[in-house]
Amino acid sequence: MTDRVIITVAPTGPLTTRDDHPGVPLSPAEIGAAVAEAAEAGAAVAHVHARDADGRPTADPEVYAAIVGEIRERCDIVIQASTGVGLTVPWEERLRIVESDAVDVTMATLNPASMTFAGGTFSNPPEFVERLARAMHEREVHPELEVYDLGHVSLCLELVADGLIPEPLQFSFVMGVRGGMPGDPGLLPMLRSMLPEGAIWQAIGIGRAQLPLSFAALALGGNIRVGFEDNVYFARGRLADSNAQFVRRAVQLVQAAGREVAGPEDVRTRLDLR
Ligand code: KMH
Ligand code: ZN
């Protein structure tokens, strides 16, 4: 079971617009339907961002709660709330996703550092990172550690040393963001070597890096994330039909690698989710 591959679907993100893909799910009901379809195709985790009525990123706990409700009505996938939310949302508001009781999730992201992100500033000051880690620890919300550069791994390991991040550790190597490390599969062995024994990790490839990084992650014992947050093109110049279509291809990659796909219960067991 421990080597079953976890496929995460990220259907929306903060940046993808209807101009990028007419089918990007934005409302809670649209996200619920897209996640259910992706779960049916083999996704075990859904990484969810919330958007307001105008399609802009929001940290409103009520919108996150509505998304969780729409997903739970349809499937049993593990729901992972994004606390990254979007570049324009103050970190004080992002804290509320975890600090408020409205959002009933067992996983959420933790971004350990501020950075230039796709031409904007992604603000994660140390004060915020520590407060978020503490809130997640208190509420037994398992952090997925999102790293965009080598130094971010070290910052996460400091939080682990401070007792703020519970085992098993779970990392995302986000690769190909303008301002972060390149989407070069050659970096994965170095990144993996920085992780403690038993840590779980996935490669998140942005744009055309998504497919090569999925292959490389599989070869190195990692897991895979797909979806419109990271990439809308199924092939050069051809938009994907759906988020589920990306998941179906990821399942084919896993099977071609001679491995099995993890289900939501595998993830709950491996990450000791409540
Ligand atoms: N798009 C940035 C906000 C997260 O979900 O925690 C990075 C992000 C990280 O989406
Ligand atoms: Zn995200």
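Look above for the structure.
Quick caveat, the model's predicted, so the values are computed rather than measured. (Residues numbered from 1 in each chain as written. Chains lettered and ligands numbered in written order. Predicted model: local features only at pLDDT ≥ 70, side-chain atom pairs only at ≥ 80, totals over all residues. Heavy atoms only, no water.)

Ranked by size, the top nonpolar core spans 78 residues in total, and within it Ile77, Leu110, Phe171, Phe173, Leu188 and Val247 carry the most contacts. For this core, the element with the highest residue contribution is helix H8 (residues 243-256), accounting for 7 residues. In contact with phenylalanine 171, not counting residues within four places along its chain, are Leu145, Val147, Val153, Cys156, Leu157, Leu195, Ala199, Ile200, Trp201 and Gln202. If you look at the next biggest cluster of nonpolar residues, it comprises 10 residues, including Ile200, Ala262, Val267 and Leu271. (Core = buried A, V, L, I, M, F, W, Y, C linked by side-chain atoms within 4.5 Å. Buried < 20%, exposed > 50% of the residue type's maximum accessible area, 1.4 Å probe, protein only. Helix = DSSP H or I, 4+ residues; strand = E, 2+ residues; numbered from the N terminus. Contact = heavy atoms within 4.5 Å.)

Below, the discussion takes up the coordination of the zinc ion (ligand 2). Protein-derived coordination of the zinc ion (ligand 2) comes from His47 (NE2), His49 (NE2) and Glu229 (OE), at a distance range of 2.1 to 2.2 Å. If you list the donors of the zinc ion (ligand 2) from N- to C-terminus, the spacing comes out as H-x1-H-x179-E. Histidine 49 matches histidine 47 in its accessibility class, with the two residues each being buried. (Donors = N, O, S within 2.8 Å, 3.2 Å for Na, K, Ca; no water.)

What follows is about the site of ligand 1. Around ligand 1 sit 13 residues, and of these His47, Ser82, Thr109, Asn111 and Glu229 come closest. At 3.0 Å from an oxygen atom of ligand 1 is found a side-chain nitrogen or oxygen belonging to histidine 47. Here ligand 1, which alone exposes 300 Å², has 97% of that area covered by the protein. In this structure, ligand 1 is accommodated by the largest pocket. Its residues assigned to classes, the shell around ligand 1 shows 4 nonpolar, 7 polar and 2 charged. (Near = heavy atom within 4 Å. Polar contact = N/O pair within 3.5 Å; in protein donor to acceptor, adjacent residues only side chain to side chain. Areas by Shrake-Rupley, 256 points an atom, 1.4 Å probe, with all protein chains shown as cover. 1 Å grid on protein atoms, 1.4 Å probe; cavity = no way out; pocket = protein on both sides within 12 Å on 5 of 7 lines; lining within 4 Å. Sits in = over half its atoms within 2 Å of the grid points. Nonpolar A, V, L, I, M, F, W, Y, C, P; charged D, E, K, R; others polar.)

Turning our eyes to something else, we now look at the environment of leucine 187. Position of leucine 187 among the secondary structure elements: in the loop between strand E10 (170-175) and helix H6 (188-193). Spatially, the C-alpha atoms of leucine 187 and leucine 150 are 9.4 Å apart, while their sequence positions differ by 37 residues. The contacts of leucine 187, once residues within four sequence positions are left out, are Met175, Met181 and Pro182.

Side chains Asn223 and Arg225 of strand E12 (residues 223-226) all project onto a buried face; the interleaved residues Ile224 and Val226 project onto the opposite face, where all are buried too. Two strands pair when backbone bridges link them, and strand E11 (residues 200-205) and E12 are joined in this way by 2 bridges, in the parallel orientation. Counted as the bridge partner of alanine 203 is isoleucine 224 from E12. A crossover connection joins E11 to the parallel E12 through helix H7 (residues 210-219); in handedness this β-α-β unit is right-handed. (Pairing = 2+ DSSP bridges. Right-handed = clockwise from strand over helix to strand, strands pointing away.)

Before going further, it helps to examine the pairing of strand E6 (residues 107-110). A two-sided burial pattern is seen for E6, the buried positions comprising Met107 and Thr109 on one face and Ala108 and Leu110 on the other. Where strand E5 (residues 78-81) meets E6, 2 bridges bridge the pair, whose relative direction is parallel. Counted as the bridge partner of alanine 81 is alanine 108 from E6. In this view, the connection linking E5 to its parallel neighbour E6 by way of helix H3 (residues 91-99) has right-handed handedness.

Attention now goes to H8. Across its 14 residues, H8 extends 20 Å between first and last C-alpha, which sits within 8% of the 20 Å expected from 1.5 Å per residue. The buried fraction of H8 is high, at 10 of 14 residues. Looking only at H8, the buried set comprises Asn243, Ala244, Gln245, Phe246, Val247, Arg249, Ala250, Val251, Leu253 and Val254. On its buried face, H8 is in contact with strand E1 (7-9), helix H1 (28-41), H7, E12, strand E13 (233-235) and strand E14 (238-239). The residue sitting at the N-terminus of H8 and contributing the capping side-chain oxygen is serine 242; that oxygen lies 3.3 Å from the backbone nitrogen of alanine 244. Just beyond H8, the residue with positive phi is glycine 258, at close to 75°. (Expected span 1.5 Å × (residues − 1).)

Think of an α-helix as 3.6 residues a turn; residues three or four steps apart then line up on the same face. Taken as a whole, H7 has its buried residues at Gln210, Leu213, Ser214, Ala216, Ala217 and Leu218. Those residues of H7 that are buried are in contact with E10, H6, E11, E12 and H8.

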